[in-house]
Amino acid sequence: MICPTCKSDMIVVEYHDIELDHCNDCHGVWFDSAELELLLKSLNLDSQNLLLDDIVKSPEVESSGKKRKCPICNKKMKKTNIGKHPELFIDVCPQKHGLWFDGGEVAQLLKQLTGKKPARQDAQQQVISFLGETFEAEA
Ligand SMILES: [Zn+2]
Ligand SMILES: [Zn+2]
């Protein structure tokens, strides 16, 4: 799959049953439609606010940058905010093919979600360090 940001070829990374496409150049990550939910479920995290259906319906955020195109259907993706503190802007395909996270944004999202649960489980720690290593942006 081609990276929607820098057009490099992405590599597939696997975590349990989840396959994600990761760009080695810009460190962005593509989640196919159900993969974000799967990832959150595997971490026992509440994904209620992060279902693709809801993300697609959430309001579009104005951005000055060029719109990215879905690597599957090539339609322009919609930019929307799924974070709180700090805000987290991701791209979503209007046809629900999936979601695009820029480098470091997955780790940020997980931090926000797990931050609400002080009693962490080992599995969560593991995945966070896994994702942190794989996805942390190198600024
Ligand atoms: Zn890239
Ligand atoms: Zn698409």
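Please read these numbers as outputs of a predicted model, since none were measured by experiment.

1. Remarks on the sheet that holds strand β2 (residues 18-22)
Part 1: Spatially, 6 strands are ordered β1-β2-β3-β6-β5-β4 in an open sheet, and the strand pairing comes out antiparallel. The open sheet has two edge strands with one neighbour each: β1 (11-15) and β4 (78-81). Strand-to-strand, the axes of this sheet are offset by a mean angle of 30°, without reference to chain direction.
Part 2: Here 4 bridges tie β4 to strand β5 (residues 89-92), and the two strands are oriented antiparallel to one another. Within β5, the residue paired with Asn81 across the bridge is Phe89.
Part 3: Strands in contact with helix α3 (residues 105-115) are β3 (29-32), β5 and β6 (98-101); relative to β6, the strand with the most contacts, it is inclined by about 100°.

2. Section: the nonpolar core
Part 1: Core analysis: the largest hydrophobic core is formed by 25 residues, its most contacted members being Phe31, Leu36, Leu99 and Phe101.
Part 2: Within the residue set of this core, elements represented by two or more residues are β1, β2, β3, α1 (35-42), α2 (52-57), β5, β6 and α3.
Part 3: Among the elements that line this core, the one with the most residues is α3, at 4 residues.
Part 4: The contact partners of Leu99, leaving out residues within four places of it in the chain, are Val29, Trp30, Phe31, Leu36, Leu52, Ile55, Ile90, Asp91 and Val92.
Part 5: Listed in part, the 8 residues of the second largest apolar core include Cys3, Cys23, Trp30 and Met77.

3. A word on the coordination of the zinc ion (ligand 2)
Part 1: Those protein atoms acting as donors to the zinc ion (ligand 2) are Cys70 (SG), Cys73 (SG), Cys93 (SG) and His97 (ND1), and they sit at 2.0 to 2.3 Å.
Part 2: If you look at the zinc ion (ligand 2), its 4 donor atoms make angles of 104 to 120° with each other, and the shape they trace is tetrahedral.
Part 3: In primary-sequence terms, the residues that donate to the zinc ion (ligand 2) follow C-x2-C-x19-C-x3-H. Here Cys93 lies in the loop between β5 and β6 and Cys70 lies in the loop between α2 and β4, a separation of 23 residues in the sequence.
Part 4: The class for Cys93 is buried, based on a relative accessible area of 0%.

About the thresholds
Residues numbered from 1 in each chain as written. Chains lettered and ligands numbered in written order. Predicted model: local features only at pLDDT ≥ 70, side-chain atom pairs only at ≥ 80, totals over all residues. Heavy atoms only, no water. Pairing = 2+ DSSP bridges. Helix = DSSP H or I, 4+ residues; strand = E, 2+ residues; numbered from the N terminus. Axes fitted to C-alpha atoms, helices over the stretch in contact; angles between N-to-C directions. Contact = heavy atoms within 4.5 Å. Core = buried A, V, L, I, M, F, W, Y, C linked by side-chain atoms within 4.5 Å. Buried < 20%, exposed > 50% of the residue type's maximum accessible area, 1.4 Å probe, protein only. Donors = N, O, S within 2.8 Å, 3.2 Å for Na, K, Ca; no water. Tetrahedral: all angles 85-135°; square planar, octahedral: opposite > 155°, others 65-115°.

These results come straight from atomic positions and should not be treated as a statement about function.
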